[in-house]
Amino acid sequence: MTVLAALARAAAAATGRALPTKTVRHVHLSRRPLVLVAAQLAGEACAPLAVLAGDDREKPHLLVVYEPRDRTQRFAFAADLAGIILSAIDRHVEDDGDPETPYPDAPQLLVPNLPHVTFLRLLGRSTRFRKTEGQHAVPPAVPLLGRWLTYYAERAEVTPSAMLVPMTAALADHWATGQSATEDANLAALLGWIDPPDGMSGPAAARAAEDPVRCPPAGPVTDPTFDNEVLAPVLQAMREAALAGDDARLARARASMDQALRSQLESTWALMWRAVDLLGGLPAAAHVEQRWLADRRSFTNQVAWIRDGGAPQARRDSAVAAARRLARLEREQQRLAVERAYDDPLVMAEYRMTGEAFAGEVTEAEPARLEQGRRPVLRPWITVATADEVLFTRGAVLKSPVRPAQQATVVDIVSPGATAGGDARTRIVLELKGGMGRSLTPPPGTVPAVGEQVTYTSLRDDFQPAPKFPDIDDTPWTHGGPPPEYVPDDEDAREDWS
Amino acid sequence: MSTKDAAVSARAVTDAILADLAKAERGVVVDSPPGAGKSTLVVAAAASLAERGERVMVVGQTNEQVDDLIDRMASDHGVLRIGRLSGQDYIPAPRIARHANVTARTAIADLIDHPLVIATAAKWAMLNGLADSGPRWPWAIVDEAYQMRSDSLLRIAHLFDKALFVGDPGQLDPFSTVETERWLGLNWDPMSSAVAVLLTNNPDVQVHALPVSWRLPATAAPVVSAAFYPFNGFTAATERGDRAMRWNTQPFGMTSFDLALQTAADSGWALYELPHRHTLRTDVEAVDACAELAARVLLRGAVAVSEQGRRDVTAGRIAIGVAHRDQAAAVRRALAARAAAYPVLSGPDRDVTKVVADTANRLQGREFDVTIMLHPLSGRRDATAFHLEAGRLCVLASRHRHACVVVARAGIPELLDAHPSAEPVHLGVPVKFPDGWEAHQSFMAHLADFRVPGGV
Amino acid sequence: MNSDQPPGPVEARLDRLRGRALPVNHNARTISALAANPGCPRRALMDAAGVDKQKIAAHIGYPAPFGQSRFAIGRGNAFEARVKENGAAQLLALLREHLDLDVTEVGYTDFNDVAGNPSRELRHVRTRQALTGQDFAPRTLFDHPLLRLRVGGRHAYLEPDLIALRLDGSFHVIEIKSFPVIDGQADAGKVAAAAIQSAVYVRALRDLIAEAGGDPGRVSHETILIAPRDFASQPVAVSVDVRKQLGVLDRQLVRMTKIADLLEPCPATLTFDLDPDRDGTPRRPREELAAALALVPASYAPECLTTCELCFACRAEAAGSTGALGKSVREDLGGIEYTAQALALARGQLPSAEQAEIAVLLLRAAQLREQLLGEVFP
């Protein structure tokens, strides 16, 4: 967080409307995303109550678990949810037989907030180890659902990934509200600031959104008053009807429950599609498609893994798996930071304020400058005048977003006031290397020309070779030695849910 | 204790460590508080093993640390052939290149016959080979092992059979910018320190502690030991009176800066306290005060008097420690302004721009005669886990041989008192001591006696 | 020491502050919440006086957003009952495994099974006798022991929501919670809350042992948490080391004894009395109560939204302050109290000497936003 972001919030608070903090959209948005809004029963580890899901805003599918503590009903629900998700996946899977080409698209899951990501992760955990045969058999789609939900939840940990996106995070990334980040975690309040209803100010819309009666919470945890006053009586009626063996009463009770849960979920459903429209209204950042390609590759690999009978994801990472994953997460995070700054001048502005970047005008240029050595090499010099505060020192290696193949080394920095003419800008002399071909004359456009506006930053994504890790069988004694092999047992399958 | 007793005590511990190393099944861990002779131990252990005919690989965390070790080892043991395994871009520093018995190469094949090979952890991790093939060493010495991350250890552990791990448990822990809880509680959390993971998985490994600090004066060792080393305390090697700071010149008047420096010279500590205000962390007044204090140490001609004799305090032996990089940059600018303002400060020894201004992260392991610290909580409204981290304060408070001046705005005890402690608790993660809040509290309580009001 | 003594001057003022209402009954949860915002004078005074913050908040028109679902309560009760049924058979089995106990029987006794309706003081005395005397086997599980803790000037009798395990000479606090431990991990916020509640019990138990003349160190700082494992109702036992939480708690209890400092600037007649009618409906005029509240300053931060019943009222009061936007935002704005001030400086208003540094940054930030977004500041 810098002064820039803090100022945006202060300004939003003063105007009563959220202000943009990005000029482009940094997250991929599918043409037909699969939106999912869930409700779960309070007090349980992962007891789904209902889900509203679909890729068509006019046609949400409602799935309800009428007795949330009943094991059979839970698995039936899981199978139904699997149906929705797996059919979305199947639509993208083409069996063209070429394992090297990533699928042209992949199903993107959109959920309201971070607790939904946790919910999906736990639902995945509670289903992926189930057995489809034997004493505790579940429908075959259930463990498959588990593996896919776990896959999505793990992708969500990889910062550049857009497979599973919590919309509160995506919206808060692009707009600053006049409330705190804690309050931004409420989707309705956040949208109240970004897109308030006609005649309402942002803060008033956000306050209204906090009233659970007017605006049911996005979940998956339901409002306690709803639980106590609406849900509990309906569930009670259901149980009594079941005990009495009265089908008509049961049907009525089910209809009541459908209606009660639908009423809790549908406002969030509407909010989700509003969020999709708002984000979709922003032009995509330059690197978004490239990152989506990485997601598609990952998706393709996952499809192949499952098809080839690979094991479900382990409960906890082994030492080697953990170290590998950390290395990957760090690399991906760094790459994302660089791409965001390169794609968006408002993100780069943050670095300009901390002295890690500067933008200005080229005032002098020697594009054909040669350096004599064993062989003469092309080392053009340019001078950039900037109003930004420059904290670099001689020798700092910088890059420009529009010439990513080129390196710029700081030769000299001349502070304002030291030059004649009273120009208040700092002048930086840069030596350029690379991105100009092999000849001693740079092709046109490869060296910034006088008058051009340029940006240089120390933020670089240097290619690092992938680190080596030992095989899991060679886990060293320092980390506990090789872990025992995973043998799926009945315990996983049996797990009693009640 | 007297310096002689200290030497005896330290010698005894070192002998015990080397004896343990000889019969250890897997390894030995040595906790080395600030200035306790870690490098001496590493050099002694490496030489002792090499002289017995054992092949040893030595692991440092940064190129600078590796070069420091090599310089000492090569100087102390001119006969030993030492290999330095380096990356492509490494250019041998002058203090390495001058040793005839040191060879720097980029391929391990060229150094495999050297009894001692030293490299950074990152370079070791690039070596090819699995457990069964490829080069291996019976012995490894891992320096700064508490500052090494456990995933880094994972990548090199297959290269050796037994190891001596040496490091300072009180300094900063390794960290990652990635935010995830998925490995918390696991015995092999890749974000934990190498020693933490090693000991969790190998509880039989003995942990020794070096008992004496050769760096910290008797005015500082008890304070630092009590606040930051709750398990294995340590004492100063010298006694009160053995270390002093004198001046070559009298002050022209007695400004608050002079008073602070006099307090520090007399008692080893001073708290230069600016009026209470909430400020940006690059608080101009505080940054300026740090630079001014450093400049005055040089202007007054400070002389360090110790068991090593008398010598002038030069610019390179003064450090200004801060928490953030932008604060370090601001301090450097303030120092440059003073170079212009005080032309009498000239020559390499008195060039005020040669005063080291850096973050705690980068000051780890280094030593100076006089340090000035911009307190991590100065000017803040609220404390965060980053600023409360005990290791950060420990590094900033334990770099000096003679005196440490803390620059801070008033209000820190009140800030600590109002701090809500809503820290999450993760199952399976051992509770970390010292507690950052308590360490800060203890340190501020100590500084209250050395308060000098500053600013306008 | 007990409620028979006449109140001192501080207690008298606190009683007046609270008005006619009885002091809020403390349990481990409410005591552990006392340390949630030690720097807030409003909260400190109300907690010291035992004021029902929920009722105050509701009456001035800002009811707190906290509620409890009966499903959660039901699940918690069912789990606890299951763990404790048959003389705590499941619990004992767990403890044997977790603490590596030998197969010697551990007894179980429930203090709630007490005939008649003895006073809390009496029940506390009985608890003390049982825990420190010879009447029970050296290895016994004591369920629902009535403990007390000195909070502010008076003794707070704690809801006996714990089990005290006496293992020969030492004691362990056992708490049963219903949030799950999945693959060895649990929600860190919930574990933190459980940890500080356990610390309250450890402190109270240590006080009890000390009162009986014993060594309080015999109460271990290693508490035991019993929770459902994974997705089922099978319990699992985990150790929770509460040394840090004990430190936090002790400091908070000490702070509460210095409450006189906070009372000083308040008018002697200040009260938050609700003036309830016979049905309990408050009659005190809303505006008057709100004005009384405003006389005691608060330290609002968004963190209050999850920890304090007055959060909405204080939030409304804090509108326009940079603190309401978040602690890190306020820190980034380097000392500026109000958003209006920050914006004025960003527009080019001349800064005071203290604002000079942040003004430069604000001006630059505003310039950049304007250049890049074409936005003109309000």
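## Overview of the pairing of strand β16 (residues 356-359) of chain B
Residues and elements named next belong to chain B.
Then, number 1: Here β16 shows two buried faces, one formed by V356 and D358 and the other by A357 and T359.
Then, number 2: As paired elements, strand β15 (residues 318-322) and β16 share four bridges and run parallel to each other. In the strand pairing of β16, G321 is matched with D358.
Then, number 3: Each parallel crossover has a hand, and the one from β15 via helix α11 (residues 325-341) to β16 is right-handed.

## Points about the interface of chain A and chain C
Then, number 1: Facing the 55 residues of chain A at the interface are 47 residues of chain C.
Then, number 2: Between chain A and chain C lies a buried interface of about 4100 Å² when both sides are counted; carbon and sulfur atoms form 66% of it.
Then, number 3: Its largest share of buried area at the contact with chain C, chain A owes to V3, L7 and R316 of chain A, together 14% of the area lost on that side.
Then, number 4: Where chain A touches chain C, the interface holds seven salt bridges.

## What to know about the pattern of salt bridges
Any two side chains of opposite charge can pair, so long as their charged atoms come close to each other.
All names here are of chain B.
Then, number 1: Taken as a whole, this structure holds 93 salt bridges over all chains when the rule is applied.
Then, number 2: Residue D358 pairs with R362 through a salt bridge whose shortest N-O separation is 3.2 Å.
Then, number 3: Classification of D358 by relative accessible area gives buried; the value is 10%.
Then, number 4: A relative accessible area of 55% means that R362 is categorised as exposed.
Then, number 5: One connected set of salt bridges, linked through shared partners, spans R215, R243, E307, R311, R317, E367, D369 and R401.

## Observations concerning the packing of aromatic side chains
Then, number 1: For the structure on display, the rule yields 15 aromatic pairs over all chains.
Then, number 2: Measuring from centroid to centroid gives 5.7 Å for Y151 of chain A and Y152 of chain A, while their planes differ by 75 degrees, and the two rings are edge-to-face.
Then, number 3: According to the relative accessible area criterion, Y152 of chain A is buried, its value standing at 1%.
Then, number 4: Plain terms: the ring middles of W124 of chain B and W137 of chain B are 5.1 Å apart, the flat faces sit at 80 degrees to each other, and that makes the pair edge-to-face. You can see W124 of chain B sitting in helix α5 (residues 121-125) and its partner W137 of chain B sitting in strand β6 (residues 137-142), a full 13 residues away along the chain.
Then, number 5: Residue W124 of chain B is classed as buried on the basis of its relative accessible area of 0%.
Then, number 6: Of the aromatic side chains, those joined through ring pairs into one cluster are Y103, W148, Y151, Y152 and F299 of chain A.
Then, number 7: Here the basic side chain of R155 of chain B rests over the ring of F469 of chain A, its NZ or CZ set 5.4 Å away from the ring centre.
Then, number 8: The lysine or arginine in question, R300 of chain B, covers the ring of W247 of chain B, its NZ or CZ lying 4.5 Å from the ring centre.

The rules we used
- Residues numbered from 1 in each chain as written.
- Chains lettered and ligands numbered in written order.
- Predicted model: local features only at pLDDT ≥ 70, side-chain atom pairs only at ≥ 80, totals over all residues.
- Heavy atoms only, no water.
- Buried < 20%, exposed > 50% of the residue type's maximum accessible area, 1.4 Å probe, protein only.
- Helix = DSSP H or I, 4+ residues; strand = E, 2+ residues; numbered from the N terminus.
- Pairing = 2+ DSSP bridges.
- Right-handed = clockwise from strand over helix to strand, strands pointing away.
- Contact = heavy atoms within 4.5 Å.
- Buried area = accessible area lost by both parts, 1.4 Å probe.
- Salt bridge = Lys/Arg side-chain N within 4 Å of Asp/Glu carboxyl O.
- Phe/Tyr/Trp six-rings, centres within 6.5 Å; stacked < 30°, edge-to-face > 60°.
- Lys NZ or Arg CZ within 6 Å of the ring centre and 35° of its normal.

So yeah, pure geometry; function would need other evidence.
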